[in-house]
Amino acid sequence: MEQKKTVLVVEDEKSIVDILRFNLEKEGYAVATAYDGDTGLEKALENPDLILLDVMLPKRNGFDVCRALREKGSSVPVIILTAREEEADKVLGLEIGADDYITKPFSMRELMARVKANIRRTAMQRSGSADAAMAAGGGLTINPENYQVCKHNKPIDLTQREYELLTFLASHPGKVYSRTDLMEQVWNYGYVGDDVRTVDVTVRRLREKIEDDPASPALILTRRGVGYYFSAES
Ligand code: CA
């Protein structure tokens, strides 16, 4: 029998924890909970399969929890539960290493779809189904065996999502993908809305890490009005 996946819920509002627990268990997940940031970080380090992380928490806020988790080398998928849409850019733009966010109040159906998509991506990556043929250019190397990306032989720290976006684009050099395509292919979402700007934010973050000059990128290129593609020259 397949082992149950564990979702850690870090949230101080008990009513939200209860409804999340109910729905997650109904979907077949094991649920761990924490009601403050310190306990959340402690439990996050026990290797759950995914973390749902509130921002405003007692003792240590969600951003700090996520940042601390990444500093300790964990790559567990983190979905931030934000109170306001305006926080969304902050979630993805800050150096906290979150994979995704969802705005409260959220639809349970949408949240469950995201949980499932994020866990499935991780499982696929671990089973080594990621495309092994990686393009490299501009001093960039991608090693799918250990998920290590290097720039001029210097390792680069990427979030899981940044790594997946990079490997996806680099596996199809020269092919232009719209933001909607990328949302479906890399984020595994079967729907799109305003969320396409998530793609822009992730591309921007990735460029800052891998490009010699992020303002004039040579690896991840923009086809104006269409989307993004990986340079075919290497
Ligand atoms: Ca809260």
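Quick caveat, the model's predicted, so the values are computed rather than measured.

### Quick notes on the overall build of the protein chain
At step 1: On a plain count of helices and strands, the protein chain comes out with eight helices and ten strands.
At step 2: Within the protein chain, the fraction of its 234 residues that count as buried is 50%.
At step 3: Sequence-distant contacts, at least 24 apart, represent 58% of the contacts inside the protein chain between residues at least 6 apart.
At step 4: For the protein chain, the accessible surface area stands at approximately 11600 Å², while carbon and sulfur atoms represent 48% of it.

### Focus on the pairing of strand S5 (residues 100-103)
At step 1: Side chains Asp100 and Ile102 project from S5 onto one buried face, and the interleaved Tyr101 and Thr103 project onto a second face that is buried too.
At step 2: Summarising the sheet, strand S4 (residues 78-82) and S5 pair through four bridges and their orientation is parallel. Bridge assignment links Ile79 to a residue of S5, and that residue is Asp100.

### A few points about the packing of aromatic side chains
At step 1: Across all of its chains, the model carries one aromatic pair by this definition.
At step 2: A cation over a ring is seen here: Lys175 above Tyr177, with NZ or CZ 4.9 Å from the ring centre.

### Quick word on the confidence of the model for the protein chain
At step 1: Per-residue pLDDT for the protein chain averages 84, and the proportion of residues at 70 or more is 84%.
At step 2: Predicted confidence for residues 128-133 stays below pLDDT 50, and this span has five contacts to residues more than four positions away or in other chains.

### Thoughts on the coordination of the calcium ion
At step 1: Only Asp12 (OD), Asp54 (OD) and Met56 (O) from the protein reach the calcium ion as donors, at distances of 2.1 to 2.3 Å.
At step 2: Of note, the donors binding the calcium ion are all from one chain and are spaced D-x41-D-x1-M. Here Asp54 lies in strand S3 (residues 50-54) and Asp12 lies in the loop between strand S1 (6-10) and helix H1 (14-26), a separation of 42 residues in the sequence.
At step 3: What makes Asp12 partly exposed here is its relative accessible area of 33%.
At step 4: Judged by its relative accessible area of 5%, Asp54 falls in the buried class.

### A look at the nonpolar core
Within soluble globular proteins, side chains that are nonpolar generally end up buried alongside one another.
At step 1: The biggest cluster of nonpolar side chains holds 23 residues, and the ones touching the most others in it are Leu140, Leu165, Leu166, Leu182, Ile210, Ile220 and Phe230.
At step 2: Sorting the residues of this core by element identifies strand S6 (140-143), helix H6 (160-171), helix H7 (179-185), helix H8 (196-210) and strand S10 (227-230) as the ones contributing at least two each.
At step 3: The leading source of residues in this core is H6, at six residues.
At step 4: Contact partners of Ile220, with chain neighbours within four places excluded, come to Leu166, Leu169, Val203, Leu206, Arg207, Ile210, Glu211, Tyr229 and Phe230.
At step 5: Counting 20 residues, the second-largest nonpolar core is a separate cluster that includes Ala34, Val55, Phe63 and Cys66.

### Notes on the pattern of salt bridges
At step 1: One pass over the structure, following the stated rule, counts 14 salt bridges.
At step 2: The salt bridge partner of Asp100 is Arg161, with a shortest N-O separation of 3.7 Å. With a gap of 61 residues between them, Asp100 in strand S5 and Arg161 in helix H6 connect regions that are remote in the sequence. Both residues of the pair, Asp100 and Arg161, count as buried.
At step 3: A salt bridge links Glu110 to Arg114; the shortest N-O distance between them is 2.8 Å. Within this pair, Glu110 and its partner Arg114 are both found in helix H5 (residues 108-126), separated by four residues, close to a single helical turn.
At step 4: Among the charged side chains, a network of salt bridges with common partners joins Asp100, Glu110, Arg114 and Arg161.

How each quantity is defined
- Residues numbered from 1 in each chain as written.
- Predicted model: local features only at pLDDT ≥ 70, side-chain atom pairs only at ≥ 80, totals over all residues.
- Heavy atoms only, no water.
- Helix = DSSP H or I, 4+ residues; strand = E, 2+ residues; numbered from the N terminus.
- Buried < 20%, exposed > 50% of the residue type's maximum accessible area, 1.4 Å probe, protein only.
- Contact = heavy atoms within 4.5 Å.
- Areas by Shrake-Rupley, 256 points an atom, 1.4 Å probe, with all protein chains shown as cover.
- Pairing = 2+ DSSP bridges.
- Phe/Tyr/Trp six-rings, centres within 6.5 Å; stacked < 30°, edge-to-face > 60°.
- Lys NZ or Arg CZ within 6 Å of the ring centre and 35° of its normal.
- pLDDT = per-residue confidence, 0-100.
- Donors = N, O, S within 2.8 Å, 3.2 Å for Na, K, Ca; no water.
- Core = buried A, V, L, I, M, F, W, Y, C linked by side-chain atoms within 4.5 Å.
- Salt bridge = Lys/Arg side-chain N within 4 Å of Asp/Glu carboxyl O.

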